[in-house]
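Secondary and tertiary structure notes
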Amino acid sequence: MLLDCLGAEPLLESAALIECPERRAALLLHLADARDSAGSMLPSARTLAAAAWASAPCGPRRLLDHGVPAEDLAEEVFRGDVTTVLQEATHAVLSGRYGDLSGPVSRWLELLAVAQAADPKAPARLLPLLDGEGFYRAWLRFTVTTLGLGRDVDAGRIPAARASTAARVALEQLAQHAVAFTGRPNASELGDIHRLVRQVLHEAVALLRGNDVALGITSLQTVSRGTTTSLMGMAGSGPLITTELLSLLAHSVGQAGAGVVNELMRTLRTAQADSRSMYAEDADFELEMARVSLACGDSGEAQRCWERAARYMGAYGGHKDSTIEELLDPLPQLVQADPVQARVRLARSSPLYISLRSAPTDEARREHHRSGGVFSQTWIREPLRGWPPWCG
C-alpha cells in the first residue's frame, strides 16, 4: 500500500532509517519483488536483494530468484560442507513431529535450492535417506527430483521438453504413493506444510508441456483422491484438495491449451457431482472453475460458475444447523422492504413447513417450532387475510 501511495523512491530512502535489520531487509526484498513494476526508479532487483542479505538473514531461495550468485550464498550457508548441512536438515524433516514440520521443511527447501544451484548433484545424494513408504517421503523425493529444473531451463542447460518429461514422470511416481494413512507422518498429518507441498507441485506443473500436461494433471487427480480425508465424505482436507487441483489447472492453460483443460474440467465436475461435499465446498469448487474458465477465455461459463457459487454460498452450512432459521430469518426484513415478494418467497417455503409439522423426529419438531414463531411474527406484521391457513 505504501508503495502504491508514496512511490518507490521515498521507500528506498527510508530503508536506511530503519533501525531493525530484519525489517530493513524485508523492505528491501519487497522493493526487489516490485522492481519490474516500479521501472527504472529503483536499482536492480539483484542489488536490492544483496542489500537485504547484507542487512539480515534472508530466505536463500528468494535471493537466488533475484540473481544473487549461488556461489556467494553457498559459502555463507554451508561454510564449505554442503553434504553435512544437507544431511542434518534432512534428518530434521524425517524426524519432525505432526504439527511441527513447517520450520524444518521450510529450511530444508531453502538449503536444497542453494545446494542445487551451487552443486547440482548434491540434492540427489540425499535420495537414499528419503527411501520409505508413505506420501510424505514420496513428496520429499519428488522435491529433490524436480528442484532446479525450471532454473536449468531458463539458463539453457536443458531443453523445456526434457524438463517436462522429468516433471511428468515424477508426478506419476508421486501418484503411486497417494495413500492417506500410510507412512509416518502420513498424508493426513501434513496440515502445517500444505502450502509448501502445493508450492512444489505448482512449480512442477509449470514445467509441463504438450501432452504431458493432461498426463500430469491425471496423476495429480490420483494424488488428490488418495490423500484427501474427510468425515463421511464431507469437509475434505489434505495436501491437494480439489480446489487446489483446479488452481494448478488454471496455471497450466497456457501450456496445454483450452481444449485439453476443458476436457479435464469436465472430468473434475463429474467427480465433484458424485461426491458428498458440503455447500461451502461446492461454492469453492465453482469459484475455482470460474477462474479456470476465465483462463480459457470462456467468460460465459465463468459467469455461470460464479452464479452457481453464489447459490451455494447462500445455502445452509451443515447438517446440524438450525436450517429453517437460516431460511426464514430474513423474512421480517423482506416484509418491510417488499411485502409482495415476501408473500411469494413464503409461499415457496410452505411445503417445507408442512413437512416439518408432520415429521415424526424430535429434530423436525424443533425446526417446526422455530419456523412457527417466524411465520407468526411475519403475518402479524403483514396480515394477509388469514393466509397461510396452516399457521393457525
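Refer to the structure presented above.
Residues numbered from 1 in each chain as written. Predicted model: local features only at pLDDT ≥ 70, side-chain atom pairs only at ≥ 80, totals over all residues. Heavy atoms only, no water.

Our next topic: the side chain of D212. Within the element layout of this structure, D212 appears in helix α14 (residues 211-227). Here R168 takes part through its side chain, which lies 3.0 Å from a polar atom of the side chain of D212. (Helix = DSSP H or I, 4+ residues; strand = E, 2+ residues; numbered from the N terminus. Polar contact = N/O pair within 3.5 Å; in protein donor to acceptor, adjacent residues only side chain to side chain.)

The gaps of empty space that remain are located by a probe, the size of a water molecule, rolled over the atoms. One number sums up the size of the second largest pocket: a volume of about 430 Å³. Along the wall of the second largest pocket there are 20 residues; nearest its centre are L149, G150, R151, E203 and L207. Of all the secondary structure elements, the ones that give two or more residues to the lining of the second largest pocket are α6 (60-65), α10 (135-146), α11 (149-154), α12 (160-175) and α13 (194-205). Sort the elements by how many residues they give to the lining of the second largest pocket and α11 lands first, with 5 residues. When its residues are assigned to classes, the lining of the second largest pocket shows 10 nonpolar, 4 polar and 6 charged. (1 Å grid on protein atoms, 1.4 Å probe; cavity = no way out; pocket = protein on both sides within 12 Å on 5 of 7 lines; lining within 4 Å. Points joined across faces, edges and corners; volume = space filled by probe spheres on them. Nonpolar A, V, L, I, M, F, W, Y, C, P; charged D, E, K, R; others polar.)

Here we take up the packing of helix α17 (residues 258-273) against helix α18 (residues 279-295). With their axes 11 Å apart at the nearest point, α17 and α18 run at an angle of 175° to one another. With respect to each other, α17 and α18 are oriented roughly antiparallel. Residue-level inspection shows V261, M265, L268, R269 and Q272 of α17 in contact with α18, the latter providing E281, D282, F285, E286, M289, V292 and S293. Grouping the amino acids of the contact of α17 with α18 by side-chain chemistry returns 6 nonpolar, 2 polar and 4 charged. (Axes fitted to C-alpha atoms, helices over the stretch in contact; angles between N-to-C directions. Parallel < 35°, antiparallel > 145°, perpendicular 65-115°, else oblique. Contact = heavy atoms within 4.5 Å.)

This part takes up the pattern of salt bridges. One pass over the full model with this rule turns up 14 salt bridges. The salt bridge involving E172 is made with R168; its shortest N-O contact spans 3.6 Å. On the criterion of helical spacing, the pair formed by E172 and R168 is a turn pair, its members being 4 residues apart in helix α12. With a relative accessible area of 29%, E172 lands in the partly exposed category. (Salt bridge = Lys/Arg side-chain N within 4 Å of Asp/Glu carboxyl O. Buried < 20%, exposed > 50% of the residue type's maximum accessible area, 1.4 Å probe, protein only.)

Here we come to the packing of α12 against α14. Orientation of α12 relative to α14, taken along the N-to-C sense of each, is 20°, at an axis distance of 8 Å. On the basis of their axis angle, the class for α12 and α14 is roughly parallel. Along this stretch, α12 crosses α14, giving a crossing that reads as left-handed. Counted together, S164, T165, R168, L171, E172, L174 and A175 of α12 and D212, L215, G216, S219, L220, T222 and V223 of α14 form the full contact between these two elements. Class assignment for the residues of the contact of α12 with α14 results in 6 nonpolar, 5 polar and 3 charged. (Left-handed = near helix turned anticlockwise from the far one by under 90°.)

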